[in-house]
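Notes for the structure review
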Amino acid sequence: MNAQFTTSLLPLPAALQAPSSPRARHRRPGRFVRTKALARFNQLLRRLQHEPLQREQLVAAWRELRDRSSSERCEAGIEQRLQLAGAVERMIRDATWQAANEAIAPARVVVGYIHGKHELIPQQATRVGRLDDAILLDAAWPKLRGEVDSYLDYCRLRAVEAGLRGCPVGEFTFTREDWQKARRAEEGLLAHVRRVGRTSYLPAATAPMFRVR
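What counts and how
Residues numbered from 1 in each chain as written. Predicted model: local features only at pLDDT ≥ 70, side-chain atom pairs only at ≥ 80, totals over all residues. Heavy atoms only, no water. Helix = DSSP H or I, 4+ residues; strand = E, 2+ residues; numbered from the N terminus. Contact = heavy atoms within 4.5 Å. Polar contact = N/O pair within 3.5 Å; in protein donor to acceptor, adjacent residues only side chain to side chain. Phe/Tyr/Trp six-rings, centres within 6.5 Å; stacked < 30°, edge-to-face > 60°. Buried < 20%, exposed > 50% of the residue type's maximum accessible area, 1.4 Å probe, protein only. Core = buried A, V, L, I, M, F, W, Y, C linked by side-chain atoms within 4.5 Å. 1 Å grid on protein atoms, 1.4 Å probe; cavity = no way out; pocket = protein on both sides within 12 Å on 5 of 7 lines; lining within 4 Å. Points joined across faces, edges and corners; volume = space filled by probe spheres on them. Nonpolar A, V, L, I, M, F, W, Y, C, P; charged D, E, K, R; others polar. Axes fitted to C-alpha atoms, helices over the stretch in contact; angles between N-to-C directions. Parallel < 35°, antiparallel > 145°, perpendicular 65-115°, else oblique. Left-handed = near helix turned anticlockwise from the far one by under 90°.

Notes on the environment of Glu147
Positionally, Glu147 belongs in helix α6 (residues 131-165). Taking the C-alpha atoms as reference points, Glu147 and Ala100, 47 residues apart in sequence, are found 7.0 Å from one another. Not counting residues within four places of it along the chain, the set of residues in contact with Glu147 comprises Met91, Trp97, Gln98, Ala99, Ala100, Ala103 and Arg176. A polar contact is formed between the side chain of Glu147 and the side chain of Arg176, at a distance of 2.6 Å.

With respect to the packing of aromatic side chains
Enumeration over the complete set of coordinates arrives at seven aromatic pairs. Here Phe41 and Tyr113 contribute two aromatic rings whose centre-to-centre distance is 5.4 Å and whose plane-to-plane angle is 65 degrees, an arrangement assigned as edge-to-face. A residue pair is termed long-range when its members are at least 10 positions apart, and Phe41 in helix α2 (residues 35-47) and Tyr113 in helix α5 (residues 101-115) qualify at 72 residues. Both residues of the pair, Phe41 and Tyr113, count as buried. Grouping aromatic residues by their ring pairs yields a cluster made of Trp97, Tyr151, Tyr154, Phe172, Phe174 and Trp179.

A look at the nonpolar core
In terms of nonpolar packing, the biggest core is built from 53 residues, with Leu58, Leu131 and Leu144 touching the most fellow members. Listed by contribution, the elements that provide at least two residues to this core are α2, α3 (55-66), α4 (68-93), α5 and α6. With 15 residues, α6 is the largest single contributor of residues to this core.

Here's the deal with empty space enclosed by the protein
All chains considered together, the criterion is met by one cavity of 30 Å³ or more. Grouping the amino acids of the lining of the largest cavity by side-chain chemistry returns three nonpolar, one polar and three charged.

With respect to the packing of α5 against α6
Following both chains from N to C, one finds α5 and α6 inclined at 160 degrees, their axes separated by 9 Å at the closest point. As far as their axial angle goes, α6 and α5 are roughly antiparallel. Remark: the crossing between α5 and α6 carries left-handed chirality. Contacts from Ala103, Pro106, Ala107, Val109, Val110, Tyr113 and Ile114 of α5 reach α6 at Asp132, Asp133, Leu136, Leu137, Ala140, Lys143, Leu144 and Glu147. The class makeup of the residues in the contact of α5 with α6 is 11 nonpolar, no polar and four charged.

Overview of the packing of α2 against α6
Here α2 crosses α6 at 20 degrees, and the two axes come no closer than 9 Å. Taken together, the axes of α2 and α6 are roughly parallel relative to one another. Crossing handedness for the pair α2 and α6: right-handed. Residue-level inspection shows Phe41, Leu44 and Leu45 of α2 in contact with α6, the latter providing Asp132, Ile135, Leu136 and Ala139. Across the contact of α2 with α6, the residue classes break down as six nonpolar, no polar and one charged.

Following this line, the structure appears as structure tokens:
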């Protein structure tokens with residue numbers, strides 16, 4: 001049961017989606033792209049069944065991020081993916097949420113890389129820092145999106161339940177099964193409201209005479 005809670009992903013540099021050109025291969029790569037680090041990173045991409053990255057693609061992406069006309073929206077795309085990576089981490093660390101088996105391995109790849117010591121791109125690199133984290137989240141996202149959608153909706157309904165109980169979130173049990181029951185109840189209520197909106201509790205002849213005082 002997926003809630004489709006997250007929005008569409010914002011764009012990253014277009015160079016990451018296009019194969020490198022022969023002309024680009026003759027340009028001197030930025031110092032932030034190290035051969036061993038790129039090889040390690042590509043191993044993770046293969047584990048996520050994603051095509052490996054070429055050094056030239058990263059250099060072209062860096063140049064695209066330096067360009068004022070595209071940097072703002074690309075940086076917004078990086079920031080969005082970092083927020084989603086945070087949601088992935090909360091999901092697998094939340095003891096009350098039983099994550100689907102197929103989401104656990106890719107989630108651990110993303111979280112492990114973000115907190116690991118082997119970076120492809122140093123975080124302090126101007127504009128391009130954290131681009132590697134965003135790329136890895138992108139690679140894992142097809143296997144994670146449905147589960148993250150469900151988890152974020154679970155958090156929403158857990159907060160609603162806490163409000164109804166008048167207590168903090170951590171002071172009561174709210175499992176994945178509880179969330180599924182709450183979702184069904186909410187969907188039933190919304191369907192009822194929609195039906196009522198199209199009809200009336202009163203006969204058609206008397207409905208125009210009804211007033212609230």
